[in-house]
Amino acid sequence: MSSARSTPKAPPVTSNEAPRPLRADARRNRERLLAVAGEVFSERGADASMEDIARRAKVGIGTLYRHFPTREALLVATVEEQLHALARKTQSLTASASPGDAVAEFLAAFVEHASTYRGLAASLGVVFQSGTPGCVAASEAATRLLSLAQAAGEIRSDIDLDDIVSLVTGIALAAQQTPAEPGRAQRLITTFIEGLRTPAPPKEAPGPSRPAGAARKAGAPGRSGAPRTSRSS
């Protein structure tokens, strides 16, 4: 999940041949690994041991690494469905009457996603730049929502999705450090969205009021509007 300002990467190596479908036993192994990895990450956090995951799934460590060469690849695969769910929620928010409020709701959902597993927030950069279908769907939906809010003048135009990912990462990390204070994440989100919103135009200050009777000073016009003159004998 990344905007155009992300550091460019080398294009992936492509092949004209379609990927070969997994054999039935390999497909079952992959599904079992994903299910077990989700359980272990939920229990022990995103830095759980790969050996523990393989052992609980009752497969060899080599089988695990054949399906998922790195921990990040396994982590991305376990949150893929959550990314699709985040994309669907974000798409539904585009119909909101207030695009700015829709961005606020997206931020809350994004922080919740970043807290799926303890420690996931620290890997958000890798997860959201993985280029998986879920990542692409969430990124496109979020970019569209942000663009609508900026076009409506409700969100600052100098912010982009990379900035939001960075700040959401910070909010999620701060919330994880104080799990006994569940309201902290919401306070931080509220503060963040207030900073994103475009400032309201300043109200004009009322002009100074004239003291009563000021128009009746000496030499001021009388009721008829003509200046009073003294009578000469």
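Right above here is the structure, for reference.
Treat the numbers as computed from the prediction; the structure is a model and nothing was measured.

The next subject is the environment of Ser42. With respect to the helices, strands and loops of the structure, Ser42 is situated in helix α1 (residues 24–44). In the structure, Ser42 is positioned 76 residues away from Arg118 in sequence and 7.2 Å away in space, judged by C-alpha atoms. Only 2.8 Å separates the side chain of Ser42 from the backbone oxygen of Gly38, close enough to count as a polar contact.

Within this structure, the stated rule accounts for one cavity of 30 Å³ or more. The calculated volume of the largest cavity comes to roughly 30 Å³. Surrounding the largest cavity, Val103, Phe106, Ala142, Leu145, Leu146, Leu161 and Ile164 form its lining. Sorting elements by how many residues they give to the lining of the largest cavity places helix α8 (residues 133–151) first, with three residues.

Mapped onto the fold, Arg32 is located in helix α1. In this structure Arg32 comes out as partly exposed when scored by relative accessible area, which is 35%. Sequence separation between Arg32 and Arg56 is 24 residues, and the spatial gap between their C-alpha atoms is 9.6 Å. For Arg32, the residues in contact, after removing those within four places along its chain, are Ala57 and Val59.

This part takes up helix α10 (residues 184–196). Here α10 is 13 residues long and its end C-alpha atoms lie 18 Å apart, about the 18 Å a rise of 1.5 Å per residue gives. Buried residues along α10 sit in contact with α6 (99–114) and α9 (161–177).

Running from amino to carboxyl end, α6 crosses α9 at an angle of 55 degrees, the nearest separation of the two axes being 9 Å. Taken together, α6 and α9 sit at an angle that is classed as oblique. Crossing handedness for the pair α6 and α9: right-handed. Facing α6, whose interface residues are Phe106, Leu107, Phe110, Val111 and Ala114, α9 presents Ile164, Val165, Val168, Ile171, Ala172 and Gln176. Class assignment of the residues belonging to the contact of α6 with α9 gives a composition of ten nonpolar, one polar and no charged.

Definitions and limits used
- Numbers given for residues are sequential positions, taken from 1 along each chain in its written order.
- At least 70 in pLDDT is required for a residue's local features to be given in this predicted model, at least 80 for side-chain atom pairs to be given and counted, and no such filter applies to totals for whole chains, interfaces and linings, which use all residues.
- The side-chain quantities take in all heavy atoms of the structure and omit both hydrogens and water.
- Helix numbering and strand numbering both begin at the N terminus, where a helix is a DSSP run of H or I of at least 4 residues and a strand a DSSP run of E of at least 2.
- For the purposes of these results, a polar contact is taken to be a pair of N or O atoms within 3.5 Å, where, inside protein, one atom must be able to donate a hydrogen and its partner to accept one; residues adjacent in sequence count only when each atom of the pair is a side-chain atom.
- Only protein atoms enter the calculation, which uses a 1 Å grid: trapped sets of points that fit a 1.4 Å probe without letting it out are cavities, open sets showing protein on both sides within 12 Å along at least five of seven lines are pockets, and any residue with an atom within 4 Å of a point is a lining residue.
- Grid points are joined across faces, edges and corners, and a volume is the space filled by probe spheres set on the points.
- Per-residue accessibility, obtained with a 1.4 Å probe over protein chains only, is compared with the maximum for each type, and a residue is labelled buried under 20%, exposed over 50%, and partly exposed between these values.
- Contact criterion: two residues are considered in contact whenever any of their non-hydrogen atoms come within 4.5 Å of each other.
- Residue count minus one, scaled by 1.5 Å, sets the expected span of a helix.
- Helix axes are fitted only over the stretch in contact, all axes being lines through C-alpha atoms; the angle between N-to-C directions runs from 0 to 180 degrees.
- In what follows, roughly perpendicular refers to angles from 65 to 115 degrees, roughly parallel to angles under 35, roughly antiparallel to angles over 145, and oblique to any angle outside these ranges.
- The handedness criterion is simple: a crossing whose near helix is rotated anticlockwise from the far helix by less than a right angle is left-handed, and one whose near helix is rotated clockwise is right-handed.
- Under this grouping Gly is polar, as are all residues other than the nonpolar Ala, Val, Leu, Ile, Met, Phe, Trp, Tyr, Cys and Pro and the charged Asp, Glu, Lys and Arg.

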